Protein chains: 2
Amino acid sequence: MSTRRNSGIICQAIGRSIFASSISLASERVSVLLQKEEEKETSCPLLFIQLNELFCAHDSLEWKQTARWIKFEEKVEDGGERWSKPHITVLSLHSLFELRMCIKKGTVLLDLEAHSFKQIVEKAMAVQTGERSLRPEVRKKLMSVLLRSPRHHTTQSHLRVVAEFSTACCRGECWLGASLALGHLGPSPGCSFVSLQQSNQFKKKIPAGAEVSNILVGEVDFLDKPFIAFIRLQKAVGLGALTEVAFPSRFVFILLGPRAKSKAYHEIGRAVATVLSDEVSSHRVAHQAEDREDLIAGIDEFLDELTVLPPGKWDPTIRIPPPKCLPSPHKRYQRARTQHAPATQHVSEELQRTGRLFGGLIKDVQRKAPWYWSDFYDALNIQCFSAILYIYLATVTNAITFGGMLGDATDNMQGVLESFLGTAIAGAVFCLFAGQPLTILSSTGPVLVFERLLFSFSKDYSLDYLEFRLWIGLWVAFFGLILVATEASYLVQYFTRFTEEGFCALISFIFIYDAIKKMLILADSFPVNWNYKINDVTLYGCICNASDTGRSAPSPQERWHCLFNHSLGLELQNWLESANWSLLTKTECLQVGGHLVGNSCNYVPDITFMAFILFLGTFLCSMMLKRFKTSHYFPTPLRKLASDFSIILAILIFCGIDSLLGLETPKLVVPSEFKPTNPQRGWVVFPFGANPWWICLASAVPAILVIILIFMDQQITAVILNRKEYRLQKGAGFHLDLFCVSLLMVFTSVTGLPWYVSATVISLAHMDSLKKESMTSAPGEQPKFLGIREQRLTGLVVFILTGVSVFLAPVLKYIPMPVLYGVFLYMGVAALSSLQFLDRIQLLLMPAKHQPDFIYLRHVPLRRVHLFTLIQMLCLAALWVLKSTVAAIIFPVMLLALVGIRKAMECIFSRQDLSWLDDIMPEKDRKEEEENKRGKSCVLQMWLCGSGRHSSCCGGQGPSLLTCWRSILMESKALDAIPQDTGISKLGKCGLD
Amino acid sequence: MSTRRNSGIICQAIGRSIFASSISLASERVSVLLQKEEEKETSCPLLFIQLNELFCAHDSLEWKQTARWIKFEEKVEDGGERWSKPHITVLSLHSLFELRMCIKKGTVLLDLEAHSFKQIVEKAMAVQTGERSLRPEVRKKLMSVLLRSPRHHTTQSHLRVVAEFSTACCRGECWLGASLALGHLGPSPGCSFVSLQQSNQFKKKIPAGAEVSNILVGEVDFLDKPFIAFIRLQKAVGLGALTEVAFPSRFVFILLGPRAKSKAYHEIGRAVATVLSDEVSSHRVAHQAEDREDLIAGIDEFLDELTVLPPGKWDPTIRIPPPKCLPSPHKRYQRARTQHAPATQHVSEELQRTGRLFGGLIKDVQRKAPWYWSDFYDALNIQCFSAILYIYLATVTNAITFGGMLGDATDNMQGVLESFLGTAIAGAVFCLFAGQPLTILSSTGPVLVFERLLFSFSKDYSLDYLEFRLWIGLWVAFFGLILVATEASYLVQYFTRFTEEGFCALISFIFIYDAIKKMLILADSFPVNWNYKINDVTLYGCICNASDTGRSAPSPQERWHCLFNHSLGLELQNWLESANWSLLTKTECLQVGGHLVGNSCNYVPDITFMAFILFLGTFLCSMMLKRFKTSHYFPTPLRKLASDFSIILAILIFCGIDSLLGLETPKLVVPSEFKPTNPQRGWVVFPFGANPWWICLASAVPAILVIILIFMDQQITAVILNRKEYRLQKGAGFHLDLFCVSLLMVFTSVTGLPWYVSATVISLAHMDSLKKESMTSAPGEQPKFLGIREQRLTGLVVFILTGVSVFLAPVLKYIPMPVLYGVFLYMGVAALSSLQFLDRIQLLLMPAKHQPDFIYLRHVPLRRVHLFTLIQMLCLAALWVLKSTVAAIIFPVMLLALVGIRKAMECIFSRQDLSWLDDIMPEKDRKEEEENKRGKSCVLQMWLCGSGRHSSCCGGQGPSLLTCWRSILMESKALDAIPQDTGISKLGKCGLD
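Because the structure is predicted, anything quoted here is derived from the model rather than measured.

Rules used in this analysis
Residues numbered from 1 in each chain as written. Chains lettered and ligands numbered in written order. Predicted model: local features only at pLDDT ≥ 70, side-chain atom pairs only at ≥ 80, totals over all residues. Heavy atoms only, no water. Helix = DSSP H or I, 4+ residues; strand = E, 2+ residues; numbered from the N terminus. Buried < 20%, exposed > 50% of the residue type's maximum accessible area, 1.4 Å probe, protein only. Contact = heavy atoms within 4.5 Å. Areas by Shrake-Rupley, 256 points an atom, 1.4 Å probe, with all protein chains shown as cover. Disulfide = S-S within 2.5 Å. Pairing = 2+ DSSP bridges. Phe/Tyr/Trp six-rings, centres within 6.5 Å; stacked < 30°, edge-to-face > 60°. Lys NZ or Arg CZ within 6 Å of the ring centre and 35° of its normal. Polar contact = N/O pair within 3.5 Å; in protein donor to acceptor, adjacent residues only side chain to side chain. Axes fitted to C-alpha atoms, helices over the stretch in contact; angles between N-to-C directions. Parallel < 35°, antiparallel > 145°, perpendicular 65-115°, else oblique. Left-handed = near helix turned anticlockwise from the far one by under 90°. Nonpolar A, V, L, I, M, F, W, Y, C, P; charged D, E, K, R; others polar. Patch = residues over 30% accessible without salt bridge, like charges linked within 9 Å, V, L, I, M, F, W, Y side chains within 5 Å. Salt bridge = Lys/Arg side-chain N within 4 Å of Asp/Glu carboxyl O.

1. Remarks on the overall build of chain A
Of the regular secondary structure elements, chain A holds 40 helices and 16 strands. Taking all 993 residues of chain A together, 56% fall into the buried category. Nonlocal contacts in chain A, meaning residues at least 24 apart in sequence, comprise 79% of its contacts between residues at least 6 apart. Element-wise, carbon and sulfur atoms account for 63% of the exposed surface of chain A, whose accessible area totals about 42100 Å².

2. Brief notes about the state of the cysteines
Residue and element names in this part refer to chain B. Counted by the stated rule, this structure contains four disulfides over all chains. Across a sulfur-sulfur distance of 1.9 Å, Cys542 and Cys601 are joined as a disulfide pair. Taking the sign of the S-S torsion, about 105° here, the bridge from Cys542 to Cys601 comes out right-handed. With Cys542 in the loop between helix H18 (497–525) and strand S12 (543–545) and Cys601 in the loop between strand S13 (595–597) and helix H22 (607–627), this pair connects stretches of sequence that are 59 residues apart. We classify Cys542 as buried; its relative accessible area is 1%. The disulfide partner of Cys544 is Cys589, and the S-S distance across this bridge is 1.8 Å. For the disulfide bridge between Cys544 and Cys589, the dihedral angle about the S-S bond is near 90°, and by the sign convention the bridge is right-handed. One end of the pair, Cys544, is in strand S12; the other, Cys589, is in helix H21 (residues 586–591), and 45 residues separate them in sequence. Not part of a disulfide, Cys431 finds its nearest cysteine sulfur in Cys740, a span of 10 Å.

3. Topic: the sheet that holds strand S10 (residues 307–309) of chain A
Here four strands make up an open sheet; going across it, the order is S4(A)-S10(B)-S10(A)-S4(B) and the pairing antiparallel. The two strands at the open ends of the sheet, each matched to only one other strand, are strand S4 (91–92) of chain A together with strand S4 (91–92) of chain B.

4. Topic: the packing of aromatic side chains
Going through the model one piece at a time under the given rule, you end up with 45 aromatic pairs over all chains. Among the aromatic residues, ring-to-ring pairing joins Trp530(A), Phe609(A), Trp530(B) and Phe609(B) into one connected group. When the ring centre of Trp83(A) is taken as reference, the NZ or CZ atom of Arg68(A) above it lies at 3.8 Å. Taking the ring centre of Phe785(B) as reference, the NZ or CZ of Lys771(B) above it sits at 5.7 Å.

5. A look at the side chain of Ser508(B)
Residues and elements named next belong to chain B. On the secondary structure map, Ser508 appears in helix H18. Only 2.7 Å separates the side chain of Ser508 from the backbone oxygen of Cys504, close enough to count as a polar contact. Leaving out residues up to four positions away in the same chain, Ser508 has contacts with Val761, Gly828, Ala831 and Leu832.

6. What to know about the environment of Ser443(A)
Residues and elements named next belong to chain A. As for its position among the elements, Ser443 is in the loop between strand S11 (441–442) and helix H16 (445–460). Between the C-alpha atom of Ser443 and that of Gly787, which follows or precedes it by 344 residues, the distance is 28 Å. Those residues in contact with Ser443 that sit more than four places away from it in its chain are Phe402, Pro754, Trp755 and Tyr756.

7. A closer look at the packing of H22(B) against helix H24 (residues 646–661) of chain B
All names here are of chain B. Across the interface, H22 lies against H24 with an axial gap of 8 Å and an inter-helix angle of 150°. Classified by the angle between their axes, H22 and H24 sit roughly antiparallel to one another. Our pair here, H22 against H24, has a crossing hand that is right-handed. Residue-level inspection shows Met610, Ile613, Leu614, Gly617, Thr618, Cys621, Ser622, Leu625 and Lys626 of H22 in contact with H24, the latter providing Ser646, Ile647, Leu649, Ala650, Ile653, Phe654, Ile657, Asp658 and Leu661. In the contact of H22 with H24, the residues fall into twelve nonpolar, four polar and two charged.

8. Here's the deal with a nonpolar patch on the surface
Together, Phe634(A), Leu638(A), Leu844(B), Leu845(B), Leu870(B) and Met873(B) make up a nonpolar patch on the protein surface, roughly 470 Å² of accessible area in all. Where the nonpolar patch is concerned, the elements lending two or more residues are helix H32 (836–845) and helix H34 (862–884) of chain B. Take Met873(B): it is sitting in helix H34.

9. Things to note about helix H29 (residues 793–803) of chain A
The set of residues buried in H29(A) consists of Thr794(A), Gly795(A), Leu796(A), Val798(A), Phe799(A) and Thr802(A). Contacts from the buried residues of H29(A) go to helix H13 (374–377), helix H14 (382–409), helix H15 (416–433), S11, helix H28 (760–768) and helix H30 (805–812) of chain A.

10. So, the pattern of salt bridges
Considering all chains together, one arrives at 52 salt bridges over all chains under this definition. Residue Glu501(A) is joined to Arg840(A) by a salt bridge in which the shortest nitrogen-to-oxygen separation is 3.6 Å. Of this pair, Glu501(A) sits in helix H18 (residues 497–525) while Arg840(A) sits in helix H32 (residues 836–845), placing them 339 residues apart in sequence. A salt bridge links Asp768(B) to Lys626(B); its shortest N-O distance comes to 3.9 Å. Pair noted here: Asp768(B) is in helix H28 (residues 760–768) and Lys626(B) is in helix H22, with a separation of 142 residues, a long-range link. Here the salt bridges share partners, and the residues they tie into one network are Glu73(A), Lys263(A), Glu267(A) and Arg270(A).

11. So, the packing of H18(A) against H28(A)
Residue and element names in this part refer to chain A. One can describe the packing of H18 onto H28 by two numbers: an axis separation of 9 Å at closest approach and a directional angle of 95°. The angle between the axes of H18 and H28 places the two elements in the roughly perpendicular class. Along the contact surface, H18 presents Phe503, Cys504, Ile507, Ser508 and Phe511, while H28 presents Thr760, Val761, Ile762 and Leu764. Residue classes in the contact of H18 with H28 are distributed as seven nonpolar, two polar and no charged.

Everything listed here is a matter of coordinates, which is why it stays silent on function.
Here is the structure:
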């Protein structure tokens, strides 16, 4: 035992050493302790650690809290009134060695039974015997110093002032009471600090069941050598005034020493706090330690895991903010310092084939049914209200613009009202029954193109458009049901990030392009007179004229002519005639058959500028408010509210500005009467009568195109919405979604309403407005993304509102269109900015040294990254060109081509590169097996080279080995095949990192 | 010796310990070594450190560079084609212990004489005797492995590809030649890697005279224990292909060991590189070490200074970017970890009183004269070109706006042309002769107010304005000379940060306010018809009418009346008459005495919106381009250029947009004829004749007001421009500046031109556009602010250009005024953003936990900071109100009041708080002495408490002790009075930090 005791640090140094392969005694001890803990199966409570230091103020000694730890350090600033920001504790190695010495030389009392701080101190002093024994007068002084009144630093200074004022009167006996009655658990009687503690906002940050460690350090003049005690209580005890928060204390560390070393004491206090705040090696070890050696072993293990920064390259006074993510404590032991490639996409449960007819659909229903009621009560949050308003406005705008375009394309067979009605019914039904109710249904571009072609085809061949369309719709629904029955949705596994991002980027670009295009069209309808001369104000005008010659205002030549010749004959007649006409307004004039004549008729002042100001203003304001959450101004709840309601706020602000200025900007106009746009049609389409009988069979041909379109559009969006990073809890329902869409096809075809599929961008905006984040727990911890508020209510309400928009017309007419286009621009940009593709495009413009530290850049050569990006850009450009031409109808087929291109890229890029830049496509079964085999042989090979038998090849770093390595990690079965002791540990050393 | 050898780490742990006060042996050794170095007086060259590792590729072993260090670590990323960003080397403590063991157990050859790498290896192997001796076959294999071809990773991959291609043909013999002829210094003959090395862009980053450390680590299969060698060469030798850059090598570290530990070898390689890259304790120690023990002592010292991060709270894979500033190596030994309050403002040399008449002026001239020629050739930089354009446009705009306002105020006795002429002459003269030629002279607000009052006074009492003004000017000049003679400028010491920032904030706010006000005035001159109805286009019009009744266009009632009744009698007559008038343009109409009648006469379409777009566009574009320097896109020189020319680019862009659109926005119009604006005056004002004789005496009274105004305005601006943070090299000239301004007063009064003083905001913009920054040297180092391009040329050219602007009118007429107002807004915002005051205002809006880590927040309670800010805001508000009323004439007196308020604040705030938030005002001599005395007694007191004699009072932390502490640091004389050995070292421990 004694040799072990002395070998401490040196042991540590040669444990894991390149010189000797003996296992470190410290880590051996620690693992024994941890194992013991696992056997006990108790989880250690979180420790709140408080450092109190001794100061002299007003000629008497006083304990003051100077720092605290939950996860990170918070220091009381020199002013004594302010908590620093939470930061990583930066120590000097020296102070840790000093701490080690303290534990070695000081008093260690484990599992002490005590009920008050006084008892603790007494017992600690009682064991000071032999060399360490204290003289009675020193003992007395020490006691009095340790039991002196502490001063806390509470978080909310305003609250504190009030609380202090109210307790100031009785503070005297409080402290007295505290020091005498410290043993009481719970609030001590009478007026007290406990009420102060309870009111402390800070307590909210500490989870229930936490325990406290009290660290007391200071210098006194009556000691000539330090008094050190490390105490663990058998039962956590509330030490009252000693602690800032009303939690029971488990550990007490006392260090009082002679003068002139207070800096060193402070540092040791911080060191012990840091060791205790460490989750793995130390605080659990401290919890389980049986003797002094165990504690020292814990410190040694802690030392061994330290990260060190060289002097001169780092200023130790810099406070390091907590990192965004921390290594999990469980990984700490087997931590390999390299990051491994992202795991291959596992086929998610939703996409596994059952092999039975409608098996996927049944499983979808089974999966979603238990969540059904929660889908409604989960929506009870203010955030959902904002989401409803935002998505409602987007949906209505979309319905109006698509409705307008459909109306143009189909001679109003489907107009704005049909668009509203269809959107409302289809959307609401989908939200009620679909697998992924966060999806927002909408008309989409490709469907619009198809309708346009179908209508002109019908016209050319004198077919009844709606009847023809009904049959196509029925066929599409039939094909859709076949796809559901055969579980065809499992094919979406082939939609890797490459396909998803290509599609999503395209749709986002279309959104941005459309928003800008609509603004330009708007500028065309309100033309600005760029050649307006202020001096010629008297020469501008627009009059209503009856004559067909279209007489315009006099030209300058005529003007001078008139001015000097006064030839009034015919001119006079004209002027006389025009006199009355000129009193008509524009619409009146056109109604009575007049012509507008003049050089200002075609121009509208100011509106275009105002429209652009509203457009850009709404966009920028939305962006700013959204980002406001991460600004440093105002309290967090306020910022969160502003961020959640960013788009609604932006819309309201700019509607307000527009109303205030009162210019005649174009406004949102919704239909206010419930009847088909085209009076020739009714609300139900009859299947027979207008067209030849064979049309109902021939319709199957165009229906094939439509079903491809619907399938691709629907499923890619579904894949994007169900991405792992959104952390959806209630699962997807690819089959159920397609089933719903197919049935809705029947309904919309029969009623002659537009067809609907998932709208990527609006759905993403919907999810984005429903993001949940944790309220920060420990100070300094980043708020975590918790997932999405998955529910059916927001979507449902949005579509119900869309349906009743007819009655909302008086309100909606205050919303200018440019504001809504600004919202569209925002949605497009927001959807784009979430893409890795965009990051990579930005890389193209950055010199290598400025590029952010993306994980894929560490592993894939920049050239390859750029090549990948360029291929993706080319695909996107091709798709863009395609969708702009008539060929848009084969657009869905081109999406399939995207999958093919991605497949072909496996010839250009190594599997490893692709695994970093994209997901891996699922392989054929045969291939997988091969991979397995290769994996196993590789493991064997490495095992051999690890044992030194075949070392010629294992120094290499080729991708094949790395691939092996990854496949091993994934295929844990393979590991069972080789001897256990040569497993992972040796693999890590085989030239792989 | 042997005890010392074994005591290593433990010694380290107890050195400086709280348990024993013995001095660490390691640090003793190190300080001896460092002392030795100082005696030698050789400065160590910078070390470039390169880590090469052994890999097997294509079935053969190959050395590959995996990392390098200049100041910070750069790693070759896993892809093998990319350098990581420079980052702080993060090590595990373990690897440092391993390194220590390596040095202890391995071969150490110091001051080896060798001329090639082969020789080095041979000599290193030769000393492997006894236990360490190698078998001959192992020796041979080792030799062959070590001399294998290395592969470099160069920085510029494009260049490399070309270079590699051209040398590929002869690479074979190259490597061969390299390994054989490695001893040659300089480029080796024939085609070679040396040319490749030379072309390497990266070499630029390394200063001449640098030396190389080569670190080679790897695993081989023929060794059963590690082969370790640390070699220092007596003379640095170029090792050719071994090194990435063509610098000679000084250190070589070799670690080859058995298989399966490559990770450990890699970490040891990084550790040795880190130790060698450390400036103080290690690389100098390594340079001076005489034996193995010295090296180990160096490592121990390094260990002792480490900063450590606890495991679990920090992810070691995070790469820490280099901090903005690093602790200086000289401070590392005496480093106290607390920051001390900023030193009291020392009275700068420029402001010390000589006590002689004109003593300050003479010293100013003496100080500035030697720089005079450099003041011209220092301007030879492209940056100055941008500055000239920027400041020229600002000056011209200012001259026009102030000229216009002066013209209004003085009935054109001083108009725009006078303003141009005066600005040009006064500015040019000032730039040629002043003490601080970066100052830009301009008319200022208070002067304008004074002129307005003076003119109305003269009118009321029938005095000749210009003659009266001449006498005032002469008196002001006289008083000014008296102030110069008496060295009154020394009073500017009382202008602390509080006063400066108050003044600067006020002027900046006025700039912002004026820019916006001018835009609103502009909107008033181009009114928008907010009630314009698109449908009523036919009813809008504006006609020229001769009748005096001012008949307007028919109202709607009249309109309907006309339409249905056709009562043409009188109406007809009117229409007939108006027919010809209506053909006149607006100016023609007004010239012939007509009236404009109609509902569109008062409105101008589009111009206002366009103006605001130009205004905000210019402002935002300037801001964006200025910030572009810190963006990550495009190469650094391009970004720097864009940033330097940001305002000019913004102006050009928006002038371009304006020209393209062609709207009649208001443009910059400069006078194009050279004659007095008011024909009643000439170019010289005669002193007698128009006014009674006593006026020339009475003028002294208003002159007192003006001199206070001039003095305050001039000197506060001068103080702001000469702030320490601008790092001016050529010194200030407060007396000389005032002298110039006084003489110019004479000139401008005689010629009847406006009076000029320094313009704060434009001068700050001038300095800002002349900032010099270092090109980054070592990768990862922040560019340093080097100072301002101090010269006279930019200002001179600006004013010459202003003078010849009369001829530039054809070009200047393309610049719209809103663009220039945008520039003004930018200047105001830029001047504001440099103020600490603004930071503190922002703090008012931030919750404490989000506040940035300002150094004063660590030391001054937040309440006090807020109080200080609020007082400053109140002062500012008071000044603002004052300058907006007629009382503006006593404005300069109120600036003096600001100094008084600051003085009064010493009663509310502690001296320490003020020292953090503001500068300390100079005290009376008596007080200073007192302070000194107190300082000394305090030192004594602390010495006593340090030695334990009087310990009752020295635990306190009151401000008085801190003040002492600071005064001690400043008054090094005081330290001489106390015993040396109890000096600083003990003070630091006396409860002060």
